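Report on the structure
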Amino acid sequence: MKKKFLLTVFVFALFSACTSDETTTYYLIRHAEKDRTNNTNRNPSLNTNGLLRAKRWAKHFEKIKLDAVYSTDYKRTQQTAAPTAKSKGLRVQSYTPSKIYDSIFKKNTKGKTVLIVGHSNTTPLFANTILGQKKYENMADNDNASVYIVTLFNDKKSSEIKKIP
């Protein structure tokens, strides 16, 4: 009887492990305020307010367990991502917006919580791509405080936008 019970428990545990439900959560933000003193500079750094906002993003994500941080290769996105990644003991992984949501990325982030730092056009586009629908328009050029939260659980997808002052 005891052996049958242990076998039943083992089989149930094995079945549960193979069919476990995993939640994947993506936090997508636009880079913080950039230096606009030279409008010909296509790769500006963050300005003083942007550097402060990058630190506030790190504070915002303080109690959220992140498994990875991604950013485009631009100075402003890297500088926005850096304080959060550092506070989590993670390195910022670079990505190309047009190639990020592929099968490799999906596999590597499945069941994880990920921060992705992008731009006013790539952030909503990425959220739309994950959701499989055109739900969001490009962000306003002065919107550096929105976070798109996209959650995947089995076949269900949900999203919301929050403003973080």
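Presented here is a report on the structure given in the accompanying data block. (Residues numbered from 1 in each chain as written. Predicted model: local features only at pLDDT ≥ 70, side-chain atom pairs only at ≥ 80, totals over all residues. Heavy atoms only, no water.)

1. Focus: the packing of aromatic side chains
The tally for this structure, following the rule as stated, stands at 11 aromatic pairs. Residues Y26 and F105 carry aromatic rings whose centres are separated by 5.9 Å and whose planes lie at 20° to one another, so their mutual orientation is stacked. Of this pair, Y26 sits in strand β1 (residues 23-30) while F105 sits in helix α4 (residues 103-109); the two residues are 79 residues apart in sequence, bridging distant segments of the chain. In this structure, Y26 and F105 share a single accessibility class: buried. Their ring planes at 80° and their centres at 5.3 Å tell us that Y27 and F61 sit as a pair that is edge-to-face. In this pair, Y27 sits in strand β1 while F61 sits in the loop between α2 (48-60) and β2 (68-71), placing the two residues 34 residues apart along the sequence. An aromatic cluster is present here, built from Y26, Y70, Y95, Y101, F105 and F126 joined pairwise through their rings. (Phe/Tyr/Trp six-rings, centres within 6.5 Å; stacked < 30°, edge-to-face > 60°. Helix = DSSP H or I, 4+ residues; strand = E, 2+ residues; numbered from the N terminus. Buried < 20%, exposed > 50% of the residue type's maximum accessible area, 1.4 Å probe, protein only.)

2. Focus: helix α5 (residues 122-131)
In terms of burial, α5 is a largely internal element, 8 of the 10 residues being buried. Residues of α5 that are buried include every one of T122, T123, P124, F126, A127, N128, I130 and L131, and no others. Buried residues in α5 make contact with β1, α4, β4 (113-118), β5 (146-153) and β6 (156-163). One or two residues past the end of α5 sits G132, with phi positive at roughly 75°. (Contact = heavy atoms within 4.5 Å.)

By themselves these figures say nothing about function.
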